[in-house]
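Coordinate inspection notes
Given next are the chains, with one letter for each unit.
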Amino acid sequence: MARVVVVHGIGQEYLGRRSLRDPIGAALADGVEIAVAAGDIGGPAPAPDDVDVAFYGDVFRAPGTKGAQPAPRSAADLADPYEQALLEAWAAAAAPDPTKADSDPTKAPTPRTLQRAMNALLRSPFLPGPVAERFLLGVLRQVRRYFTEDAVRARAAEAIGARIGPDTTVLVGHSLGSVIAYETLCTHPEWPVRTLVTMGSPLGMPSLVFDRLRPAPAAGRGQWPGGLERWTNLADRHDVVASVKELADLFSPRPPSPLPTSHATAAGQVTHAAVGASRPVLRDVPVDNGWKVHDLLRHLTARESGAAIGEGLAAG
C-alpha cells in the first residue's frame, strides 16, 4: 500500500482513481523534490508506487436514466437553502473588500441576488478563465449532498479506507477531500496516519462546514484526530473555498502521550517521569498558486506543500 494517499476535491466525477493518480503523483513528487533542493527537508522524493489516490467522485455521478430531476441551469434557479447560502458565502469571500460584500444575511436570497453572487464568483481569481456557470452549480450541489446525505458521506469515507494500508503515514486532502480526510481520520484513530496535509480546505467555514463536522465541534473547537502528530494547512489568499485561511485556533491538538522512564530514588523507590513527549501541532501556511488559486496540482508542486509532505514521510 502507498505511503501517501491523496483525497481529491469536488468536480472529479467523470474521472477515476487511475486517471488521477499519475498527474497527482508526479506533482506531489515535484513538490517534495523542490523542498529538498531548497534545503527544507531531506530526500528523496517519493516513488510513483508510494503515492495513491482515494477516489470518491463516482458518488456524485448521476445515472443515465430518463425522468431525472433537472439540475438548475443558472444561479437564479437555485432553490436549496444550503446551496444558496454557500454561493453567497463564497461570493462574499471573493469580494475585494469582504466588509463591503453585496450580501445581507438578514434578507432572504432572491433570484437576482443569487445571480449577482454567481457573477461575482465567475469574475474572481477563484475561477480563472471561461468556467461554466453550470459547473459551479454542480459544485454547490456536491458539497450540499455530502453534508446532508448520509449515504454519500459513508461511501466517500469507504473510498479512503480502501486505500489506507499499514505503510500509509501521510494523508493529503484537497477542498472537500480535506473534510472527508479529517472526518475519516477522526473515525479511525487506529490508522497509521501521523501527518495530515490539507489544501484549499473549507474546514473552517462557520455554519456551512465547521459546525456540521462529525464528530461535532465542542465549545467552538474541532476535535483532534487520534494518532495524528502533525497537521499542515495550506491556502492561497484568493481561494474562496478556504474562506477561513487559518485553522490552528479552531482545532485543538490532543494532549501528548509521554513515554515514561524510571528513576530510582535514594530510598530505593522507583518514580516515573515523562520524556520524549511532543505536543501535536497544526501549522497554517500560505501558498501562492498564481491564477489557479484552488488547483490541486499547483498546491502539490508548491515548495511549502512538498516540505510538509516530505516531513511526514521522513517521520514515518
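Residues numbered from 1 in each chain as written. Predicted model: local features only at pLDDT ≥ 70, side-chain atom pairs only at ≥ 80, totals over all residues. Heavy atoms only, no water.

A short note on the pattern of salt bridges
Inspection of the entire model under this criterion finds 15 salt bridges. Salt-bridge contacts for Asp 52 lead to Arg 21; the nearest nitrogen and oxygen are separated by 4.0 Å. A residue pair is termed long-range when its members are at least 10 positions apart, and Asp 52 in strand β2 (residues 51-54) and Arg 21 in helix α1 (residues 17-37) qualify at 31 residues. In this structure Asp 52 comes out as buried when scored by relative accessible area, which is 7%. (Salt bridge = Lys/Arg side-chain N within 4 Å of Asp/Glu carboxyl O. Helix = DSSP H or I, 4+ residues; strand = E, 2+ residues; numbered from the N terminus. Buried < 20%, exposed > 50% of the residue type's maximum accessible area, 1.4 Å probe, protein only.)

So, empty space enclosed by the protein
Here the structure, examined in full by the defined rule, presents one cavity of 30 Å³ or more. Each pocket or cavity is described by its volume, and for the largest cavity that value is around 60 Å³. Looking at the largest cavity, the residues that line it are Ile 10, Leu 86, Trp 90, Val 143, Ser 175, Leu 176, Pro 202, Val 209 and Val 241. A per-class count over the lining of the largest cavity returns eight nonpolar, one polar and no charged. (1 Å grid on protein atoms, 1.4 Å probe; cavity = no way out; pocket = protein on both sides within 12 Å on 5 of 7 lines; lining within 4 Å. Points joined across faces, edges and corners; volume = space filled by probe spheres on them. Nonpolar A, V, L, I, M, F, W, Y, C, P; charged D, E, K, R; others polar.)

Thoughts on the nonpolar core
Counting 55 residues, the largest nonpolar core has Trp 90, Leu 171, Leu 176, Trp 231 and Phe 251 as the members making the most contacts within it. Val 4, Val 53, Val 170 and Val 197 belong to the second-largest nonpolar core, a separate cluster that totals 25 residues. (Core = buried A, V, L, I, M, F, W, Y, C linked by side-chain atoms within 4.5 Å.)

Let's talk about the packing of aromatic side chains
All chains considered together, the criterion is met by eight aromatic pairs. Measuring from centroid to centroid gives 6.3 Å for Tyr 56 and Phe 60, while their planes differ by 75 degrees, and the two rings are edge-to-face. Like Tyr 56, the residue Phe 60 is buried in the burial classification. A ring pair is formed by Tyr 82 and Phe 147, whose centres lie 6.4 Å apart and whose planes are at 35 degrees; its orientation type is tilted. One end of the pair, Tyr 82, is in helix α2 (residues 81-94); the other, Phe 147, is in helix α4 (residues 133-148), with 65 residues separating them in the sequence. Neither residue differs from the other here; Tyr 82 and Phe 147 are each classed as buried. (Phe/Tyr/Trp six-rings, centres within 6.5 Å; stacked < 30°, edge-to-face > 60°.)

Thoughts on the packing of α1 against helix α8 (residues 303-315)
Running from N to C, α1 and α8 point in directions that differ by 90 degrees, and their axes come no closer than 7 Å. On the basis of their axis angle, the class for α1 and α8 is roughly perpendicular. Contacts between α1 and α8 involve Leu 28, Gly 31, Val 32, Ile 34 and Ala 35 from the former and Arg 303, Gly 306, Ala 307, Ile 309 and Gly 310 from the latter. Among the residues forming the contact of α1 with α8, the class breakdown is six nonpolar, three polar and one charged. (Axes fitted to C-alpha atoms, helices over the stretch in contact; angles between N-to-C directions. Parallel < 35°, antiparallel > 145°, perpendicular 65-115°, else oblique. Contact = heavy atoms within 4.5 Å.)

Observations regarding the environment of Gly 316
Tracing the sequence through the fold places Gly 316 in the segment after α8. Remark: the alpha-carbon pair of Gly 316 and Pro 192, spanning 124 residues in sequence, is separated by 8.9 Å. What Gly 316 contacts, discounting residues up to four positions off in sequence, is Thr 169 and Arg 194.

Here we look at α2
For α2, built from 14 residues, the straight-helix expectation of 20 Å at 1.5 Å per residue is met to within 8% by its first-to-last C-alpha distance of 20 Å. When α2 is considered as a whole, its buried residues turn out to be Tyr 82, Glu 83, Gln 84, Leu 86, Leu 87, Glu 88, Trp 90, Ala 91 and Ala 94. Here α2 starts with a cap whose side-chain oxygen sits 2.9 Å from the backbone nitrogen of Tyr 82, and that cap is Asp 80. (Expected span 1.5 Å × (residues − 1). Polar contact = N/O pair within 3.5 Å; in protein donor to acceptor, adjacent residues only side chain to side chain.)

A short note on the sheet that holds strand β5 (residues 230-236)
Read from one edge to the other, the open sheet built from six strands follows the order β2-β1-β3-β4-β5-β8, with strand pairing classed as parallel. Every interior strand has two partners, whereas the edge strands, β2 and β8 (281-287), have only one. In this sheet, neighbouring strand axes are inclined to one another by 20 degrees on average, regardless of whether the strands run parallel or antiparallel. Summarising the sheet, strand β1 (residues 4-7) and strand β3 (residues 170-174) pair through four bridges and their orientation is parallel. Paired with Val 7 across the strands is Gly 173, a residue of β3. Across the face of the sheet, helix α6 (residues 176-187) comes into contact with β1, β3, β4 (195-199) and β5 while running at roughly 140 degrees to β3. (Pairing = 2+ DSSP bridges.)

Observations concerning the pairing of β1
Of the two faces of β1, the one holding Val 4 and Val 6 and the one holding Val 5 and Val 7 are both buried throughout. The pairing of β1 with β2 spans four bridges and is parallel. Paired with Val 7 across the two strands is Ala 54, which belongs to β2. Remark: the β1/α1/β2 crossover connection has right-handed handedness. (Right-handed = clockwise from strand over helix to strand, strands pointing away.)

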